[in-house]
Amino acid sequence: MATHRVSIWSLLWQMLSYAPRLYGTDTLLWLFIAGLPAIPGLIIREFFNTLTAKSDFSLSPWVWIALFLATGIARIVAILTGRITKTQHRFTMSALIRRNLLAKLLERPGGEPLIASGKPDALLSPGEAIGFFRDDATQIEDTVVGTNEILGEGLFAVGSLLLLLSVNAQITLFVFLPLAFIAALVHLLTNRIKRYRRASRQATQEVTGLIGEIFSAIQAIQVAGAEPTVLDRFQRLCDRRRQLMVQDRFFSTLLDSSFENLVSLGTGAILFFAARSMQADASALSVGDFALFVYYLSYVTYFLGFLGSFLALSKQTEVSFERMEGFLGCEAEAIASHHPLYLPTLTGNRPQLNALQPPQACDRLQALEALNLTYRYPGSDRGITDVCLRLERGSFTAITGPIGSGKTTLLKALIGLLPLQAGEIYWNAQKVTHPHQFFVPPRSAYTPQVPQLFSGTLRDNITLGLNYTDEQLQWAIALAVFDRDLAMMPDGLDTVIGSKGMRLSGGQLQRAAAARMFLRQPELLVFDDLSSALDIETEQTLWSRLFALTATWMPTCLVVSHRRTVLQRADRIILLNNGSVETIGRFNDLPSIYVH
Ligand SMILES: Nc1ncnc2c1ncn2[C@@H]1O[C@H](COP(=O)(O)OP(=O)(O)OP(=O)(O)O)[C@@H](O)[C@H]1O
């Protein structure tokens, strides 16, 4: 969990030092874009002074007009180029945030529920989590890329201010009046700015979450005839979001317009005093000086309004970082940390990603021991308590027990998909300190009750991008008893299996996921209820093929099952009840009610 708050400015600095050359080029261009309008002011002064015969240059007014147009064209070219660098920098910034968010999410134990703001009762659906990748990443992107615009505008505002001071210092000092008001206003309203932003983000998250749930449960909604109820809830959430978004936007716009009005009032006051001073002493300000004053004043005042909006934006960006800290349970610096992104460069070069290599062999599993494993789901007393188990090399251990007795929780806690609240795990008598990083191929592989497959080809789903030969693939597929199914697929391994593997049956999904495990030849195979999707014969064939291999590869198996044939085959059975071990033994040791 985040322990100290890092300042938003230090985070922005961290972000913009990620691509210094790109940022530098973009900043230069924006200095140009912001600075070029300063030149017409001087031209205008000389133009008017030429007309009133007070110019030091004896040039025709047409020369000034031509120069005026040339500056305009130069600015258009700078803006066009600046747009290219700005776009590149913009997407680099949000890509870095998204990359870090994803990396942090993948570092977490995979089975741990997603929670917002570190509160166990604020569970998040995957749809809700998308808000961090979309809205918060974009918010940060906007602020980072806004820094060089504010820098450009600021630099030239300071230049203009110096010029104004040289023309008439007394009048110019009034410029600082609106600035003081703006700073005070932002300071005073910081909490409110952040509160409104938090509420609107939360409401958006809820709507996105419900959309995600509706899409994943569309069939269940139709079967239950729940469309009106779901739509009603959707409408209520949308209404709430509308109100909170309007509140947030209204407040931001109100702030922006307050800044502009403050600035306009300041401008009015300055012009009033300038006019009075001209009336009192005609030599104090020439017509050209007055024109120059008006021109540069708008330049300074525009910056003041912009600065006010940027300060408010930075407060809203603080909310984005705080939300991400709460969601990921890490410091904000980690969210802005530097890592390669492999994005195409401005010149179109696309950096090459290193090809992923299959996992290398690890130390052989001789014995896996777990002592007093305990995990209870956040905000409930359900889970597992003080579970001990020992798996010997090449053994076949089955976990069984009534529905909800904690079988899945035990598997997940053992292999680090859920963070342990108590207990210890030993691999060959060595303590495992980070199970979620340790129990991955080639040490261990796991197939959950509902395996996760992705839209793509069968080959991609089994290899997951690693370099395996077709021969290795065919071997793993045959081992998973998927060979006959594959033979009937017209495109073979290149068959596209649809979103989440929806074109496969439940049994095919399970066996495709099993092939993915076998391909990596892990020391430990963990299956959660393979029996639920396979008929007895197919499951028997799978185990027989697996055990026939012991000469080349001797995996240790830990499986959840209720099936009699599996329990009879098991070297050891762990019977769970209500989250605790009731019996450990062999098939004949089980109480008769558990033997189907
Ligand atoms: N994410 C969760 N949040 C809160 N409670 C949960 C969560 N997941 C599971 N539980 C509860 O923890 C207990 C153990 O669940 P678990 O899924 O481990 O049981 P199981 O024995 O695998 O059940 P089944 O045979 O139905 O697969 C159950 O009472 C369940 O309701």
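As a convention, each chain's residues are numbered from 1 in the sequence order in which they are written. Per-residue local features of the predicted model are confined to residues with pLDDT of at least 70, and side-chain atom pairs are confined, for both listing and counting, to 80 or more; whole-chain, interface and lining totals are unaffected and use all residues.

## Comments concerning the overall build of the protein chain
Next up, step 1: Helix and strand definitions here come from DSSP, where helices need a minimum of 4 consecutive H or I residues and strands a minimum of 2 consecutive E residues; each element is numbered from the N-terminal end. Each helix and strand in the protein chain was counted, giving 19 helices and 12 strands.
Next up, step 2: Based on the C-alpha atoms only, the size of the protein chain along its principal axes is roughly 115 × 50 × 45 Å.
Next up, step 3: Burial is judged by counting the other C-beta atoms within 10 Å of a residue's own C-beta: 20 or more makes it buried, 12 or fewer makes it exposed, and any count in between marks it as partly exposed, with every C-beta position built from the backbone. Put simply, the protein chain has 596 residues, and 35% of those count as buried.
Next up, step 4: Relative to all contacts within the protein chain whose residues are 6 or more apart in sequence, the contacts with residues 24 or more apart total 80%. Two residues qualify as being in contact provided that their C-beta atoms, derived from the backbone, are within 7 Å of each other.

## What to know about the nonpolar core
Next up, step 1: Ranked by size, the top nonpolar core spans 64 residues in total, and within it Leu-373, Leu-410, Ala-480, Ala-512 and Ala-515 carry the most contacts.
Next up, step 2: With 8 residues, the top contributor of residues to this core is helix α17 (residues 506-519).
Next up, step 3: In this structure Ala-480 touches Arg-511, Ala-514, Ala-515, Phe-518 and Leu-542, once residues within four positions along its chain are discounted.
Next up, step 4: Definition of nonpolar core: a set of buried Ala, Val, Leu, Ile, Met, Phe, Trp, Tyr and Cys residues joined via C-beta atoms within 7 Å. Counting 33 residues, the second largest nonpolar core, distinct from the first, contains Ile-33, Val-186, Tyr-196 and Leu-297.

## What about the site of the ligand?
Next up, step 1: Around the ligand there are 13 residues in total, and Tyr-377, Arg-382, Lys-407, Thr-408 and Thr-409 lie nearest to it.
Next up, step 2: Element by element, the count of residues in the shell around the ligand is highest for helix α12 (residues 407-414), at 3 residues.
Next up, step 3: The nonpolar class holds Ala, Val, Leu, Ile, Met, Phe, Trp, Tyr, Cys and Pro. Asp, Glu, Lys and Arg form the charged class, and all remaining residues, Gly among them, are polar. In terms of residue class, the shell around the ligand is built from 3 nonpolar, 8 polar and 2 charged. Only the C-beta atom matters for nearness: placed from the backbone, it must lie within 6 Å of the molecule or strand for the residue to count as near.

## What about the domain arrangement of the protein chain?
Quite often, the size of an interface is put as the accessible area lost when its parts meet.
Next up, step 1: Domain annotation of the protein chain identifies domain 1 (8-335) and domain 2 (367-594).
Next up, step 2: A domain assignment, automatic or from a database, supplies the domain bounds used here. Between the C-alpha centres of domain 1 and domain 2 there is a distance of 51 Å.
Next up, step 3: Looking at the side of domain 1 that touches domain 2 residue by residue, the class counts come to 4 nonpolar, 2 polar and 2 charged.

## Notes on the pairing of strand β12 (residues 580-585)
The two faces of a sheet get side chains in turn, since along a regular strand they alternate between them.
Next up, step 1: Strands qualify as paired when DSSP identifies two bridges or more between them. As paired elements, strand β11 (residues 572-577) and β12 share 5 bridges and run antiparallel to each other. Looking across to β12, one finds that Ile-574 is bridged to Ile-584.
Next up, step 2: Between the antiparallel neighbours β11 and β12 lie 2 residues, among them Asn-578 with a positive phi of about 55°.

## Here's the deal with the sheet that holds β11
Next up, step 1: With mixed pairing, the 6 strands of this open sheet are ordered in space as β8-β9-β10-β5-β11-β12. Here the strands that pair on one side only, and so sit at the sheet edges, are β8 (444-447) and β12. Strand-to-strand twist in this sheet, taken as the mean axis angle between neighbours without regard to direction, amounts to 15°.
Next up, step 2: With respect to the sheet, α17 is in contact with β8 and β9 (524-528), its orientation differing from that of β8 by roughly 175°. Axis definition: a line fitted to C-alpha atoms, over the contacting stretch in the case of helices. Angles run 0 to 180 degrees between N-to-C directions.

## Observations concerning the environment of Val-144
Next up, step 1: Here Val-144 lies in helix α5 (residues 126-167).
Next up, step 2: Residue Val-144 is classed as buried on the basis of its C-beta count, with 26 C-beta atoms lying within 10 Å.
Next up, step 3: Each C-alpha atom, one on Val-144 and one on Trp-475, is 51 Å from the other, the two residues being 331 residues apart in sequence.
Next up, step 4: If we ignore the near neighbours within four places in the chain, the residues touching Val-144 are Leu-12, Met-15, Leu-16 and Met-93.

## Quick look at the sheet that holds strand β3 (residues 367-376)
Next up, step 1: Reading across the sheet, the 4 strands line up as β4-β3-β6-β7 and stay open at both edges, with antiparallel pairing between neighbours. Because the sheet does not close on itself, it has two edges, and the strands there are β4 (383-392) and β7 (430-431).
Next up, step 2: Pairing of strand β6 (residues 422-427) with β7, which is carried by 2 bridges, proceeds in the antiparallel orientation. Each bridged residue has a counterpart across the sheet, and for Tyr-426 the counterpart in β7 is Lys-431.
Next up, step 3: Docked against the sheet, α12 engages β3, β4 and β6, running at close to 120° with respect to β3.

## Considerations on the pairing of β3
Next up, step 1: When β3 meets β4, the two strands line up antiparallel, connected through 7 bridges. Of the residues in β4, the one forming a bridge with Ala-367 is Glu-392.
Next up, step 2: The antiparallel hairpin formed by β3 and β4 contains 6 residues in its connecting segment, where Gly-379 sits at a positive phi of about 75°.
Next up, step 3: Across 5 bridges, the pairing between β3 and β6 is antiparallel. Bridged to Glu-369 within β6 is Tyr-426.

## Points about the confidence of the model for the protein chain
Next up, step 1: pLDDT gives the predictor's per-residue confidence on a scale running from 0 to 100. Summing up the model confidence of the protein chain, the mean pLDDT is 87 and the portion of residues at 70 or higher is 96%.
Next up, step 2: For this predicted complex, the interface confidence reaches an ipTM of 0.96, while the overall pTM sits at 0.76.

## Describing the packing of helix α2 (residues 20-35) against helix α4 (residues 61-107)
Next up, step 1: Packing of α2 against α4 leaves a shortest axis separation of 9 Å and a crossing angle of 150°. Handedness of the α2/α4 crossing: left-handed. Of the residues in α4, those touching α2 at Leu-22, Tyr-23, Thr-25, Asp-26, Leu-29, Trp-30, Phe-32 and Ile-33 are Arg-75, Ala-78, Ile-79, Thr-81, Gly-82, Thr-85, Lys-86, Gln-88, His-89 and Thr-92.
Next up, step 2: The residue makeup of the contact of α2 with α4, split by class, is 8 nonpolar, 7 polar and 3 charged. Note on convention: near helix rotated counterclockwise from far helix by under a right angle means a left-handed crossing. Clockwise means right-handed.

## What to know about helix α9 (residues 227-280)
Next up, step 1: With 54 residues, α9 ought to run about 80 Å at 1.5 Å a step, and its terminal C-alpha atoms sit 77 Å apart, in line with that.
Next up, step 2: Buried within α9 we find Arg-241, Asp-248, Leu-255, Phe-259, Leu-262, Val-263, Gly-266, Thr-267, Ile-270 and Ala-274.
Next up, step 3: Turning to α9, the residues buried within the fold contact α6 (169-172), α7 (176-216) and α10 (287-328). An expected span of 1.5 Å times one less than the residue number is assigned to each helix.

## Things to note about unusual backbone geometry
Next up, step 1: In this structure, the amide linkage connecting Pro-441 to the following residue, Pro-442, adopts the cis form with an omega of 10°.
Next up, step 2: With respect to the helices and strands, Pro-442 occurs in the loop between α13 (435-438) and β8.
Next up, step 3: The backbone of Asn-428 shows a phi angle near 50°, a positive value even though the residue is not glycine.
Next up, step 4: Inspection of the secondary structure assignment puts Asn-428 in the loop between β6 and β7.
Next up, step 5: Under the C-beta neighbour-count criterion, Asn-428 is labelled partly exposed, with 13 such atoms within 10 Å.
Next up, step 6: The phi dihedral of Asn-578 falls on the positive side, at around 55°, and the residue is not glycine.
Next up, step 7: Its 13 C-beta neighbours within 10 Å are what place Asn-578 among the partly exposed residues.

## So, the environment of Gly-348
Next up, step 1: The residue Gly-348 is located in the loop between α11 (332-335) and β3 in this model.
Next up, step 2: For the pair Gly-348 and Tyr-18, spaced 330 residues apart in sequence, the C-alpha to C-alpha distance is 19 Å.

## Overview of α7
Next up, step 1: Between the first and last C-alpha of α7 there are 56 Å, a value that for 41 residues agrees with the 60 Å anticipated at 1.5 Å per step.
Next up, step 2: Most pronounced at Leu-189, the bend in α7 amounts to some 55°. Take the seven residues that end at a residue and the seven that start at it, fit an axis to each, and the angle between those axes is the bend at that residue.

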